[in-house]
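# Structural overview
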Amino acid sequence: QVQLVESGGGWVQAGGSLRLSCAASGAIFSIRAMGWYRQATGEQRELVARIMIGGTTDYADSVKGRFTISRDNIKNTIYLQMNSLKPEDTAVYYCNAAGVRSLPISLPDIWGQGTQVTVSS
């Protein structure tokens with residue numbers, strides 16, 4: 001069984017920084033993409049940032065230049081460095097793993113339990 005464990009959420013004032021971590025554990029052969037999504041109260045879940053196994057990254061326009069996603073393929077862990085945080089970044093942040101190969105099968109997308117990020121003005 002493969003699971004994702006997130007850490008690093010919390011409360012911060014506008015302009016501050018937080019770093020989120022997400023570690024995948026279990027019988028993992030490879031993970032094609034890992035990323036962070038967020039869901040604010042009353043809103044749909046949206047992509048924040050994603051990183052492919054080869055290192056290609058993808059960011060939401062709203063976080064470009066402020067957030068940086070990185071990945072340790074050996075540890076199956078990703079990090080999201082969030083700088084210059086704004087109140088509109090307040091949301092529950094979910095880690096996602098897509099294209100997970102747990103030999104001999106491929107698994108559907110896996111989600112973490114979510115971690116709250118609150119940015120006060």
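Below or above, wherever it landed, is the structure these notes cover. On a predicted model such as this, the values are computed, not experimentally measured, just so you know. (Residues numbered from 1 in each chain as written. Predicted model: local features only at pLDDT ≥ 70, side-chain atom pairs only at ≥ 80, totals over all residues. Heavy atoms only, no water.)

## Digging into the side chain of R38
If you trace the backbone, R38 turns up in strand β4 (residues 30-39). Within the structure, R38 has its side chain in polar contact with the side chain of D89 (distance 3.0 Å). Beyond its immediate stretch of four places on either side in the chain, R38 contacts Q44, R45, E46, V48, S62, V63, F67, E88, D89, A91, V92 and Y93. (Helix = DSSP H or I, 4+ residues; strand = E, 2+ residues; numbered from the N terminus. Polar contact = N/O pair within 3.5 Å; in protein donor to acceptor, adjacent residues only side chain to side chain. Contact = heavy atoms within 4.5 Å.)

## Points about the nonpolar core
The biggest cluster of nonpolar side chains holds 31 residues, and the ones touching the most others in it are M34, W36, L80, M82 and Y93. Within the residue set of this core, elements represented by two or more residues are β3 (18-25), β4, β5 (46-52), β7 (67-72), β8 (77-82), β9 (91-102) and β12 (115-120). Element by element, the count of residues in this core is highest for β9, at 5 residues. The contact partners of Y93, leaving out residues within four places of it in the chain, are E6, L20, W36, Y37, R38, V48, F67, L80, M82, G114, T115 and V117. (Core = buried A, V, L, I, M, F, W, Y, C linked by side-chain atoms within 4.5 Å. Buried < 20%, exposed > 50% of the residue type's maximum accessible area, 1.4 Å probe, protein only.)

## Let's talk about the pattern of salt bridges
Taken as a whole and assessed by the stated rule, the structure comprises 5 salt bridges. A salt bridge links D89 to R38; the nearest nitrogen and oxygen atoms lie 3.0 Å apart. One end of the pair, D89, is in the loop between β8 and β9; the other, R38, is in strand β4, and 51 residues separate them in sequence. For the pair shown, D89 and R38 are each scored as buried. Note that R50 is salt-bridged to D58, the shortest N-O span being 2.9 Å. The network of salt bridges with shared partners includes R38, E46, R66 and D89. (Salt bridge = Lys/Arg side-chain N within 4 Å of Asp/Glu carboxyl O.)

## Digging into the environment of Y94
Mapped onto the elements of the fold, Y94 is located in strand β9. In this structure Y94 comes out as buried when scored by relative accessible area, which is 16%. Sequence spacing of Y94 and Q116 is 22 residues, and the spatial spacing of their C-alpha atoms is 8.9 Å. Apart from residues no more than four positions distant in its own chain, Y94 is found in contact with E6, G35, W36, Y37, Q39, R45, W111, G112, Q113 and G114.

## Some points on the pairing of β5
Here β4 runs beside β5; their pairing, made up of 6 bridges, is antiparallel. Residue pairing across strands places W36 opposite A49, the latter belonging to β5. Between β4 and β5, which pair antiparallel in sequence order, lie 6 residues; one of them, G42, sits at a positive phi of approximately 80°. Where β5 lies against strand β6 (residues 57-59), 3 bridges are found, and the strand directions are antiparallel. Note on β6: the bridge partner recorded for A49 is Y59. Hairpin connection of β5 to β6: 4 residues between the antiparallel strands, including G55 at a positive phi of 105°. (Pairing = 2+ DSSP bridges.)

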